[in-house]
Amino acid sequence: MTTRRVIVEPRGLASLRVRMLVPLLSILAALVVGAVFLSLTGNSPTEVYLKMVDAAFGTNRGIGETLISATPLILTGVAAAIAFRMLVWNIGAEGQLMVGAVAAAGFAIAIGDTLPGIVAVPLVLVGGALGGALWASIAAVPRVYLGTNEIITTLMLNFIAINLMNYLVFGSFSPWRDPESTQFPQGRPLPDSINLPEIADSLGRLDFGILIAIGVAITAWFLIDKTPWGFELRVVGDSPDTARYSGIGVPRKILTVFLFSGAVAGLAGAILVVGILGKMDPRSLDLGLGFVGIIVAALARLNPVAVIPVGILMGALNNAGPALQSIQVPTATVTMLQGAILIFAVAGEFFIANRIRRVRRPGRTSADVPVEGAT
Amino acid sequence: MNESAIVLTIFAAIGLGTPVVFATVGEIITERAGVLNLGVQGTMLVGAVSGFWATWVSGSLTLGVLAALVAGGAVTFLHAFSSITLRVSQIVSGLALTLFGTGLATFIGRAGETPLVGNPSKKQFEPIFDGAIAELPIVGPLLFGHDILVYLSWVVVAASSFYLFQTRFGLALRSVGEDPASAEAAGVNVNRVRYLHVIGGGALSGLGGAYFSLALVPSWQDDLIGGAGWIAIALVILASWRPWRALFAAYLFGAAGRINFTLQTLQIDIPSNLLAMLPFVLAIVAMIILTSGKRARLLGAPAALGIPYFREQR
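The following refers to the structure shown. None of the values given here were measured: they were computed from a predicted structure. (Residues numbered from 1 in each chain as written. Chains lettered and ligands numbered in written order. Predicted model: local features only at pLDDT ≥ 70, side-chain atom pairs only at ≥ 80, totals over all residues. Heavy atoms only, no water.)

A separate point is the packing of aromatic side chains. Applying the stated criterion to the full structure yields 10 aromatic pairs over all chains. Centroid distance Phe291(A) to Trp230(B): 5.6 Å. Interplanar angle 10°. Geometry classified as stacked. Of this pair, Phe291(A) sits in helix H12 (residues 289-299) while Trp230(B) sits in helix H10 (residues 228-238), on two different chains. Exposure class is identical for Phe291(A) and Trp230(B). Each is buried. Look at Phe129(B) and Phe144(B): their rings are 5.5 Å apart centre to centre, the planes differ by 90°, and that puts the pair in the edge-to-face class. Of the two residues, Phe129(B) is situated in the loop between helix H4 (90-110) and helix H5 (139-144) and Phe144(B) in helix H5; the sequence distance between them amounts to 15 residues. Judged by its relative accessible area of 33%, Phe129(B) is partly exposed. Among the aromatic residues, those joined into a ring-pair cluster are Phe159(A), Phe291(A), Trp230(B) and Phe280(B). Cation over ring: Lys122(B) sits above Trp56(B), and NZ or CZ is 4.6 Å from the ring centre. (Phe/Tyr/Trp six-rings, centres within 6.5 Å; stacked < 30°, edge-to-face > 60°. Helix = DSSP H or I, 4+ residues; strand = E, 2+ residues; numbered from the N terminus. Buried < 20%, exposed > 50% of the residue type's maximum accessible area, 1.4 Å probe, protein only. Lys NZ or Arg CZ within 6 Å of the ring centre and 35° of its normal.)

This is how it looks when you write it as structure tokens:
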């Protein structure tokens, strides 16, 4: 009697084909799931998907808006990718982005028109990054020195940051609030000189933020994959024990990466503030950008360079959402698709890490039983 | 504050806390099995919209509750499958579930010719006792003034506490969360235990969501539940993975919300945003003080929490 079973075995490095195919298939599978829900609710999936493609890439302006949406996602994606690779579970990019925005706006308002833009803008961006790093340190320091689980602390810090941001504009008369706005509180507009310039008229309001984001992604990749410092980081990520025995200062490495991750997320908030928003606007900063960044990182398999195209794809989805309202389809379709893509990408990870084979039960030699289907 | 104001506050705290009780106990059961589920927020929203929808089409609250339980369990199956069978990162998988669930719930609420969103519920849970017993001073409202789901939540807390600490199944569950390899050696089917409790925990979260849409708010709106799912994750730590403590933690959270409201009506200016931070700040402080290193064990954190179990690699 032939009994067969499926065995799962870990494999080493999967081939490039498998590594590319799995994310693409997960996107495809998510589109299928989305199509099922769209059909069930009486919509035409092809019409909806074509509309989304058109909104995201159909015009120069659309492409500009897609890249605007992609900018913070690339940065929060890089923030998650570098941390996760080191087994630092920083899921606080959301809050670090917000505090980065608060810090950047604070610096900008404090500087005022005293400095020329070319000096002030970089200062403000650095200030935002510092804000993000500072917020991350609240979780990073206990993690490194006390062993406190950073998953929960970074998660909780997100909600503290949301309330902090809202408090500064909606709950108090802080310097962040526009003193002119009494009935409907708003963020105080930044000084005119502190503004990221736009790239080209044809691309609408797209500013240099996208180039900064791409630069940061490439720099992060270079640092981690091409330098001795990055090699040590990867050792810590792959095997903390090995790192310890070979004399790498593990706590210090973890702290550095944690703060760097927070700084990159903070930079995302700063770019939004000095770029398209022009003020610290809580409503435009509380959009789940940090959480989507985690999807971006997971889909990019924690490779900072791969984060760039994935970030643009997610930016395209975000940008396409509002366009769906014109054909009476809920914007939430996009969130659903993003969640589904992530679920499939996560599941796909299994097929990258493991090989699945069907084998006969052990205890028989191949001569005993004919191979099914071989004849 | 006079006596009746205190009673009113506690009464309101029980109402506001009840959805969080269900979700927190659900997450405690999940985490006791060694699985971290960050999908609670999405699961609660799916439960809320499913329960609302089922009551909307059938006119039956019972069917609404059943739909919420089933829907909560069903979406949580995704997390169970990824984290137990596929053994992928529980963090990423859980966040994916929250994202997917939030999108799905909003989508269900807004899709179709006559969307559910913005409608009041066709039926809603009402207090089950009336007459003299409910009008007794103090104990009337506090013990006999609630709808049936509040009493159900007490039953769930008592039963899950008994189950966890007094039964053979509870022992097996806790052993799976502490040391899955030893549990397996002792004859416990680790994966089956994990599947059952992760999905059961998800069903409870779904029910917690439905408490919003069928009792507390009774209506459906996008993001109806606020951040209740995240609060539940914070309260699991504050309750140190114990159901009875979760009940009181959830009521404290409810009281904070109510006091916030009372202060506003009295025009006492404690900014609501700062008060809203409180549970999260407390959770972080508790994490740092209590769960660092060895003390985490005293607190009751399952040792294998968040770690995938590789049977073949034992």
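Opposite charge on two side chains makes pairing possible when the charged atoms of those side chains draw close. All names here are of chain A. In this structure the tally under the stated criterion is 6 salt bridges over all chains. The closest approach of N and O atoms between Lys253 and Glu232, which form a salt bridge, is 3.0 Å. Linking Lys253 in helix H10 (residues 250-277) with Glu232 in helix H8 (residues 228-238), this pair joins segments that are 21 residues apart in sequence. You can call Glu232 partly exposed: its relative accessible area is 30%. Of the charged contacts in the structure, one is a salt bridge between Asp241 and Arg244, with a shortest N-O distance of 2.9 Å. Of this pair, Asp241 and Arg244 both sit in helix H9 (residues 240-245), separated by 3 residues, roughly a single helical turn. Residue Asp241 is classed as partly exposed on the basis of its relative accessible area of 42%. (Salt bridge = Lys/Arg side-chain N within 4 Å of Asp/Glu carboxyl O.)

Attention now moves to the interface of chain B and chain A. Interface size is commonly expressed as the accessible area that is lost once the parts come together. Each partner contributes residues to the interface: chain B has 43 residues there, and chain A has 45 residues. With both sides pooled, the region where chain B packs onto chain A buries about 3800 Å², and carbon together with sulfur makes up 86% of that total. Put simply, chain B and chain A have 0 salt bridges between them. Put simply, chain B and chain A have 1 residue pair in polar contact (both at pLDDT 80 or more) between them. (Contact = heavy atoms within 4.5 Å. Buried area = accessible area lost by both parts, 1.4 Å probe. Polar contact = N/O pair within 3.5 Å; in protein donor to acceptor, adjacent residues only side chain to side chain.)

Once that is clear, we can look at the environment of Ser69(A). Residue and element names in this part refer to chain A. Its place among the elements puts Ser69 in helix H3 (residues 60-85). With relative accessibility at 19%, the residue Ser69 sits in the buried group. Along the chain, Ser69 and Ile224 lie 155 residues apart, while their C-alpha atoms are 26 Å from each other. Once residues within four sequence positions are removed from consideration, Ser69 is found in contact with Gly315, Asn318 and Asn319.

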